[in-house]
Amino acid sequence: MAFDIEMIKKLYAGLPSKIAAARALLNRPLTLTEKILYAHLHSDQKLENFGRGKSYVDFAPDRVAMQDATAQMALLQFMQAGRPKVAVPSTVHCDHLIVAQNGAGADLKEANITNREVYDFLGSVSDKYGIGFWKPGAGIIHQVVLENYAFPGGMMIGTDSHTVNAGGLGMVAIGVGGADACDVMAGLAWELKFPKLIGVKLTGKLSGWTSAKDVILKVAGILTVKGGTGAIVEYFGEGADSLSCTGKGTICNMGAEIGATTSIFGYDEKMAAYLSGTSRADVAALANAVAEHLKGDKEVYADPAKYFDQVIEINLSELEPHINGPFTPDLAWPLSKFAAAVKENNWPAELEVGLIGSCTNSSYEDITRSASLAKQAVDKGLKAKAEFTVTPGSEMVRFTVERDGYLGIFENMGGVVLANACGPCIGQWARHTSDPNKKNSIITSFNRNFAKRNDGNPNTHAFVASPEIVTAFAIAGSLTYNPMTDFLTNEKGEKVKLDEPTGLEFPTKGFAVDDPGFQAPAEDGSKVEIKVSPTSTRLQLLAPFAAWEGSDLKGLKLLIKAKGKCTTDHISMAGPWLKYRGHLDNISNNMLIGALNSYNEKTNSVKNQLTGEYGEVPAVQRAYKAAGIGSIVVGDENYGEGSSREHAAMEPRFLGVRAILVKSFARIHETNLKKQGMLALTFVNKEDYNKIQEDDVIDILGLTSFAPGKNLTIQLTHKDGKTETFEVAHTYNQQQIEWFKAGGALNIIRAQVAK
C-alpha cells in the first residue's frame, strides 16, 4: 500500500545536486517550495524557463490519487489513451458516493447496493491498469493518503481540490482535473504555471481552545477566497514546528479555500513521529538523512520578505478561535466577536446540527479533543441540544478511536457516527428535517460552506470552525454561546462551564485496524475485462471532442451572463448529481443550474434566443446544439472556484458552449477548460462585462492568429443591429493552443501513444 521505498531513495539521492544547481542558477537561497519543484522538473525541462507567475513549467509528479466521483471521468479518459498500464503509482479511493443518512453501517450497506455498477467499474479499471483500489468504507482520500502515501519532498497530483492536504507531510500536492491525471498516468509531463510564493510565519504556540484549524480560518480571512490564486503557501517558524502533523494537514487542506495552488510545511520532528506512528519508520529514516533539503534555507526564513512575494505573520499564542461564514469560507469571525455578528446580521442563532470530521479534521487528535468535551457534557449532566454527527477520516482512525472508547463517548452525548466518507461535506447528506427549505444554521469542521453545498437548502447558514468549537456549540445548541466565557444549565438546573479541550496526537497503544479496505491491482491486467453497459444511466464511454474548425467563431449566442459567485458547485452541482459523474450526457443536465442570471436574478432560467422564451439552462443549450449554433458563457470574478471537478468544464464542451468569458478564473477550472479544448478568456477591461446584452450575437475574432500573449477580440451585435468590440485576454501558451486546435488535450495524447 505504501510508496515504493526505492523511488524515495532515488529522489532523495538526487536532491542535493538538483538543489545546488537551482541555487547556483538563481544565485540566492531557496524556499522549500522551490527546492521540491526544481527536484521534480521533467527530464526535458530547463531551469532557465522558470519565472514566478509567468512561465509554464513541465513537472514529473511521483504519484496520482483519485476519488471515486472524479476517477470515473479520469479513467474513462485514460482508457482512450491507449496505454496498457499507468506510468506512475496511482490509487482510487471510494469516498464520495456514500450518502449519510442513518449511520455508518446502514449507509455503507446501501452505498454498496446503489453504487455497485460504479464500484465494479472502478475496481476493474484499477485491476486492469495497475492502480491501487481503496474500497468503500476505507476512508476519505486525503486522510488515507496522509496515512499511507504522502512523504516529505514528494510531488503528487490528485483529482480533488483538497489533495493539498498532503502538504502537512511536506509534500507538494496539487488538485487537478482528470485530464491532467490522465497525462501523468500516461507518462507525459504535467504542466503548471510556476507559482508565486506566499510565506506564513508562525510564532508562539497554540493553547486552550485554539487549534490548527484556527490558523487557516485566520489566513482565509486575510487572503479571501482568491488571495492565494496562482501561489503556493509555505508555512514556517517555531510555531509551525510546534503543530502536529495532522494539524499541519488541516491547514494545508483548507488552503484550497483561498485558491492556493497548494500549501506546505517543512520537514520536522512532528512529521518524523507521524511517519513512524503510521508504519513508515523507514521513510522517516531516509528523510532524516536529507532533512536540510526538506525545508527552506535558513537565510530565507531569517529574512522572508526578501524571498516571498507576500509574507503573513501570525502569533499562535495570541490567536483566537475563529468561526467562518456563512456562505463563504473567508468571512472570518474571532470567537469573541461572533455572537454579536450573529445578532447584527440576523442569522439564525439556534443551531440545528453540528458536524465534525471529514477530510479536514478527522485525525486521532481531532477526535480525542472533541471527545474530551463530549465526556465533560455527559459528566456534567449536559446533552447536545443540536444534532451531532462524527465522520471518521479513515478506517484506521475509526477502528482506533472505537477501540479506545471515544466513539462511545459521542454516542452517550447523543451523537451519530457516520461512515468513513465525505458525506455531508459534499452534499451527500439525507438530512433529517421537517422543512428542507427553512432558514436555519449548522456548523461544521469541514472546509467549504457555499450555499446549498451541505444539504441543498439555500437558506442553510453553514459556518466552519474547529471540531472543538463545533462540539461545544452543538452541546449549547446556540451560535451565540462562547465556551471560553459562558455557562450552560444542565439537567439539574445547575450552571456549569466547559473546561478547555484536551487530546492526544497519537494513540498510546498505537494505531490498529482489522481491514484497511485496500485492494492491490492484478499483476497482469491484460485479461481483465471492463464492462460498460450501453444502456447504463451512470457510465458512458467517451467519444473524442471535435477539433477546431480553423476559423474565427461567429454567430455565438449568449447562454448566460452569471452574476456574482459562480463556483464549480454552481456550474456542476454535487449531491444527487454525483451518481452521474461517469455519464457525461446525463450529468450535463445540471450544467449551470445554480448560476444566477444577471438579467432576471434567477437561477436555471435563461432566454432562448431561438424562441424568445425562458427555459432551464441545459435545455436551452441543448436547443442551440441541436440547431448547430455555438454559445458563450459570461461570468464574474474567480469563476470556477472550489472543487477540481472537471465536469464543470466538460459539460459546456459537450453541449456546444465554445467559450467562457469572465473577469477572472480560479486556477484549476481555467486549466480544466483548456484541457477540454475550450476557450477560457478574461476581460481586459472588466467594465466590458456590462456591455453584454441578453440578446447579443457574439463573434470571437483573431483565432486564425491565436498566439501566446496576443489578445483576441469580441464583437457584439446587439438586438438593434449596433455593434461593439473590445479586447479579451488569455493565458494560453503554445502547447495549450495546440490543445484547443486539436479539440482537447486527450486527442493529442491518443495520437502520441498511437505512434
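Given the structure is predicted, the values throughout are model-derived calculations rather than measurements.

1. Quick word on the environment of Glu238
Stage number 1. Within the secondary structure, Glu238 sits in helix α9 (residues 238-242).
Stage number 2. The spatial distance from the C-alpha of Glu238 to the C-alpha of Val401 is 30 Å, given a sequence separation of 163 residues.

2. What to know about the sheet that holds strand β10 (residues 262-265)
Stage number 1. The four strands lie next to each other as β10-β9-β8-β11, forming an open sheet whose pairing is parallel. On the outer flanks of this sheet lie β10 and β11 (310-315), each paired with one strand and no other. Sheet twist, expressed as the average angle between the axes of neighbouring strands with direction ignored, equals 20 degrees.
Stage number 2. Note: strand β9 (residues 231-236) against β10, four bridges, orientation parallel. Each residue of the ladder has a partner; that of Val233, found in β10, is Ser263.
Stage number 3. Against the sheet, helix α10 (residues 245-253) contacts β9 and β10, and its axis sits at roughly 155 degrees relative to β10.

3. A short note on the pattern of salt bridges
Stage number 1. Tallied over the full model, the rule gives 30 salt bridges.
Stage number 2. Note that Glu6 and Lys9 form a salt bridge whose closest N and O atoms lie 3.4 Å from each other. You can see Glu6 and its partner Lys9 sitting in helix α1 (residues 5-26), three residues apart, about one turn around the helix.
Stage number 3. Note that Arg28 and Glu34 form a salt bridge whose closest N and O atoms lie 2.6 Å from each other.
Stage number 4. Under the relative-accessibility criterion, Arg28 is labelled partly exposed at 22%.

4. Thoughts on the packing of helix α8 (residues 212-223) against α10
Stage number 1. One way to put it is that α8 packs onto α10 with a least axis distance of 8 Å and a crossing angle of 20 degrees. Accordingly, the angle class assigned to the pair α8 and α10 is roughly parallel. α10 is crossed by α8, and the crossing has right-handed handedness. Counting all contacts with α8, which are made through Ala212, Lys213, Val215 and Ile216, the residues of α10 involved are Gly247, Thr250 and Ile251.
Stage number 2. The class makeup of the residues in the contact of α8 with α10 is four nonpolar, two polar and one charged.

5. Notes on the sheet that holds strand β5 (residues 155-158)
Stage number 1. Pairing is mixed in the open sheet, where six strands are placed in the order β6-β5-β2-β3-β4-β21. Of all strands in the sheet, those with a lone pairing partner are β6 (172-175) and β21 (518-519), marking the two edges.
Stage number 2. Here strand β3 (residues 90-93) runs beside strand β4 (residues 132-134); their pairing, made up of three bridges, is parallel. In the strand pairing of β4, His93 is matched with Trp134.

What counts as what
Residues numbered from 1 in each chain as written. Predicted model: local features only at pLDDT ≥ 70, side-chain atom pairs only at ≥ 80, totals over all residues. Heavy atoms only, no water. Helix = DSSP H or I, 4+ residues; strand = E, 2+ residues; numbered from the N terminus. Pairing = 2+ DSSP bridges. Axes fitted to C-alpha atoms, helices over the stretch in contact; angles between N-to-C directions. Contact = heavy atoms within 4.5 Å. Salt bridge = Lys/Arg side-chain N within 4 Å of Asp/Glu carboxyl O. Buried < 20%, exposed > 50% of the residue type's maximum accessible area, 1.4 Å probe, protein only. Parallel < 35°, antiparallel > 145°, perpendicular 65-115°, else oblique. Left-handed = near helix turned anticlockwise from the far one by under 90°. Nonpolar A, V, L, I, M, F, W, Y, C, P; charged D, E, K, R; others polar.

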